[in-house]
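Reading the structure
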Amino acid sequence: MTSPDLAALRPRIPSPVEETADGRFGRHGIRLLLKRDDLIHPDLIGNKWRKLAPNLTAAAGRTVVTFGGAYSNHLRATAAAGRLLGLRTVGVVRGQELSDRPLNPSLARCAADGMRLHFVDRSTYRRKTEADTLAAILRAVGAEDAYVVPEGGSNSLAVRGCRALGEELRARADVDVVALACGTGGTLAGLAAGLGPDQRALGIPVLKGGFLSADIAELQERAFGGRQGNWTLDDRFHFGGYARVPAELDAFAGDFEQRHGVAVERLYVAKLLHGLVALADEGAFPRGSTVAAVITGRPFP
């Protein structure tokens with residue numbers, strides 16, 4: 001088997017950086033930049049490209065099996081990669097009860113892109129990293145020799161792939177803080193490793209629970225042998241948890257879109273931008289700071 005030709009997909013790397021005049025930051029003496037990772041590729045968007053590309057190369061043409069919930073951006077990106085590169089993909093979906101229901105738009109897109117969907121009960125899903133459970137899942141989908149990508153795509157290869165994001169912003173000496181929304185933490189783990197010594201990474205978790213610091217530290221240990229870079233998390237802006245988009249957040253995102261002409265993805269990016277506005281008002285960034293917000297995705301569909 002041979003590795004797919006990812007260069008043929010013509011990713012926009014490095015992704016562009018745009019300065020955004022926003023009075024909510026300007027009145028505090030803060031410059032806001034948008035790192036437009038959402039423009040890397042129309043189907044493999046943002047951090048999904050950075051995390052998937054090294055894993056697809058490592059898969060070397062084998063079936064790719066990965067995991068996610070019913071609205072997983074990662075599952076959609078993996079399915080799209082399978083369609084574009086001619087790879088067989090299997091998505092193991094959390095929630096056996098979903099197997100008897102019509103597919104939601106996210107899972108329907110996965111299926112349309114050729115991904116085989118395999119639903120498992122939530123107890124099995126929680127044990128998916130255990131060797132016996134994983135082996136049983138692979139047998140069930142007829143892919144015992146598959147290349148397995150973890151939920152969210154965050155493994156050592158992905159973390160090292162995301163280091164390039166930090167390196168692209170390291171070249172910007174004017175950038176003091178790089179902020180992004182976090183799910184599994186792999187993008188932040190790599191980003192922080194690529195930044196310069198005078199820059200810091202700020203993660204805004206979109207899930208509640210306060211567990212992500214340990215996960216990011218473990219990802220960096222596996223990828224780099226220890227903690228890398230200056231990074232912190234602020235857990236206050238998850239709006240109740242993953243996929244929770246209350247009216248306040250939706251209104252904020254719509255206002256940002258009108259102000260700046262940038263489509264705002266609600267599950268991750270809206271929480272990031274809302275958090276940054278709140279932090280600016282709190283005085284979290286000194287006057288004269290430049291903050292780069294990583295736009296990791298765009299609205300679906």
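Everything that follows concerns the structure shown earlier in this document.
Residues numbered from 1 in each chain as written. Predicted model: local features only at pLDDT ≥ 70, side-chain atom pairs only at ≥ 80, totals over all residues. Heavy atoms only, no water.

1. Some points on helix H2 (residues 47–59)
With 13 residues, H2 extends 18 Å between its outermost C-alpha atoms, agreeing within 8% with the 18 Å of an ideal straight helix rising 1.5 Å per residue. For H2, the buried fraction is high: ten of the 13 residues fall into the buried class. Among all positions of H2, only Asn47, Lys48, Trp49, Arg50, Lys51, Leu52, Ala53, Asn55, Leu56 and Ala59 are buried. Buried residues along H2 sit in contact with strand E2 (31–35), strand E3 (64–68), helix H3 (73–85), strand E6 (147–148), helix H7 (156–170) and helix H8 (186–194). (Helix = DSSP H or I, 4+ residues; strand = E, 2+ residues; numbered from the N terminus. Expected span 1.5 Å × (residues − 1). Buried < 20%, exposed > 50% of the residue type's maximum accessible area, 1.4 Å probe, protein only. Contact = heavy atoms within 4.5 Å.)

2. What to know about the pairing of strand E5 (residues 116–120)
Along E5, four of the five residues are buried, which leaves the element largely enclosed by surrounding structure. Where strand E4 (residues 89–94) lies against E5, five bridges are found, and the strand directions are parallel. Among the inter-strand pairings, valine 90 is bridged to a residue of E5, identified as arginine 116. Each parallel crossover has a hand, and for E4 linked through helix H4 (residues 105–112) to E5 it is right-handed. (Pairing = 2+ DSSP bridges. Right-handed = clockwise from strand over helix to strand, strands pointing away.)

3. Quick notes on the environment of leucine 103
Its location among the elements puts leucine 103 in the loop between E4 and H4. A C-alpha to C-alpha distance of 47 Å links leucine 103 and alanine 173, two positions 70 residues apart in sequence. What leucine 103 contacts, discounting residues up to four positions off in sequence, is Ala108, Ala111, Leu117 and Phe119.

4. Points about the side chain of asparagine 155
By the secondary structure assignment, asparagine 155 is in the loop between E6 and H7. Residue asparagine 155 is classed as buried on the basis of its relative accessible area, which comes to 15%. In this structure the side chain of asparagine 155 is engaged in a polar contact, spanning 2.9 Å, whose partner is the backbone nitrogen of alanine 158. Filtering out sequence-adjacent residues up to four positions away, asparagine 155 remains in contact with Asn55, Tyr147, Pro150 and Leu219. (Polar contact = N/O pair within 3.5 Å; in protein donor to acceptor, adjacent residues only side chain to side chain.)

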